[in-house]
Amino acid sequence: LVGVYTNRHGERWELQLKGSGKTPYSRNGDGRAVLRSSVREFLCSEAMHYLGIPTSRAASLVVSDDDVWRDQFYNGNIKKERGAIVLRLAKSWFRIGSLEILAHSGELDLQRRLLDFIIQEHFPSIAMNDSNRYLEFFSTVVSETANLIALWMSVGFAHGVCNTDNFSLLSITIDYGPFGFMDSYDPNFVPNTSDDEKRYKIGNQANVGLFNLSKLLQALKPLLDPRQKQLASQILEGYGEHYYRRFTELFKAKLGLLGENENDNYLIAFLLKVSLLC
C-alpha cells in the first residue's frame, strides 16, 4: 500500500503496487509480477469498470528490467519473463481475510478497532453509536457480495481464486489473477490451470461466496451478543435469495423480459442449457 489519494471530486482512493517485490506478506514468493499478467489485470479491471461491475481500477503499468521466472502452466516448464508493476486503486483493499486473521489470532480489540474504522470510512449509512452496527455491516456485505457475484455471472466472468483473502469487504472485484471470461456457456469453466479440483469453477462461484461469508460471520461472532448472532445467521441464510433475485433481474434484462412471469426462470434456465449444448 503506497498511500491514500483524494481526487478533485473528493473521492478517496487507496493506491497499491502489484509486482514491486517482497513484502511481509509475500510468503515464499518473490513479490514480482510478469508483464503478461500485469497487462491482463490492467485491461480487465478497466473493462469490468465500464461494464458497470464494482472493481479496483488500474492507474498505470510500468515495465521492469527484472527477470522473473515463472511456470506459466504449472507443468514444470519454468521460463524467464519480463517483469512489470501495476499501480492499482480501490476505495479500500480490506478483505474478509483482514478480519478473519485477527479473529483467528484472538486479537479482538484490534479487530474491533479495525472494523469500526472500516465502517466509519466506507459505510456511511451505519451509525457508529448503533449497538447493532456490526450486524448492519454484515447484512450489507452479504447482500452486496450476492450482487457482485450475480454481476460476474451476467458477463461470464470467473475470478479464478475466490478465497476469503480475495473477497473485498466493500464487495468489489479485486486481485485479478487467473481469471477468465467464458467464450460459451459452461458451468464447469475453470480459468485457473492449478485448480485441479475445480473448486472455483464459474458454476460454483455463488456457493463459494456463501462459504466466504460464513467465514466472515465466524470472525464477527466474538463481537456479537447471542441475539445478534442469531440474527446474523438468519441474514446469511438469506444470501441465496439475494443472489437468485439479482441473477434473475440481470438475465431478464438481457432477454428483454418485462414484468413478472412464472415462466421467466424456466426460460432463462432453458436458454442457458441450450447454449451449453451448442
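In this text the structure is predicted, and so the values were computed from the model without any measurement. (Residues numbered from 1 in each chain as written. Predicted model: local features only at pLDDT ≥ 70, side-chain atom pairs only at ≥ 80, totals over all residues. Heavy atoms only, no water.)

*Asks:* I would appreciate a short explanation of the environment of Glu-46 in the present structure.
*Replies:* In this fold, Glu-46 is placed in helix H1 (residues 35–50). Given the relative accessible area of 16%, Glu-46 is considered buried. Distance in space between the C-alpha atoms of Glu-46 and Ser-56 is 8.3 Å, their sequence separation being 10 residues. Excluding anything up to four places from it in sequence, Glu-46 contacts Arg-57 and Ala-58. (Helix = DSSP H or I, 4+ residues; strand = E, 2+ residues; numbered from the N terminus. Buried < 20%, exposed > 50% of the residue type's maximum accessible area, 1.4 Å probe, protein only. Contact = heavy atoms within 4.5 Å.)

*Asks:* Would you mind going over empty space enclosed by the protein with me for this structure?
*Replies:* Any space left empty among the atoms is revealed by the rolling of a water-sized probe across them. All chains considered together, the criterion is met by one cavity of 30 Å³ or more. Space inside the largest cavity adds up to approximately 50 Å³. Looking at the largest cavity, the residues that line it are Thr-145, Leu-148, Trp-152, Asn-166, Phe-167, Ser-168, Ser-171, Ile-172, Thr-173 and Ile-174. Each residue belonging to the lining of the largest cavity can be placed in one class, and the counts come to five nonpolar, five polar and no charged. (1 Å grid on protein atoms, 1.4 Å probe; cavity = no way out; pocket = protein on both sides within 12 Å on 5 of 7 lines; lining within 4 Å. Points joined across faces, edges and corners; volume = space filled by probe spheres on them. Nonpolar A, V, L, I, M, F, W, Y, C, P; charged D, E, K, R; others polar.)

*Asks:* Quick question: what am I supposed to make of the layout of surface pockets here?
*Replies:* The calculated volume of the largest pocket comes to roughly 2,400 Å³. Along the wall of the largest pocket there are 50 residues; nearest its centre are Lys-18, Arg-27, Arg-88, Asn-166 and Asp-175. Its residues assigned to classes, the lining of the largest pocket comprises 18 nonpolar, 18 polar and 14 charged. Shared between two domains, the lining of the largest pocket takes at least three residues from each, and those domains are domain 1 (3–90) and domain 2 (96–254). Space inside the second largest pocket adds up to approximately 460 Å³. Around the second largest pocket, the lining is made up of 24 residues, and of these Tyr-185, Phe-247, Phe-251, Ile-268 and Leu-272 lie nearest the centre. For the lining of the second largest pocket, the secondary-structure elements that each account for two or more residues are helix H4 (133–154), helix H5 (205–220), helix H7 (239–255) and helix H8 (264–277). The element best represented in the lining of the second largest pocket is H7, accounting for seven residues. (Domains from an automatic or database assignment.)

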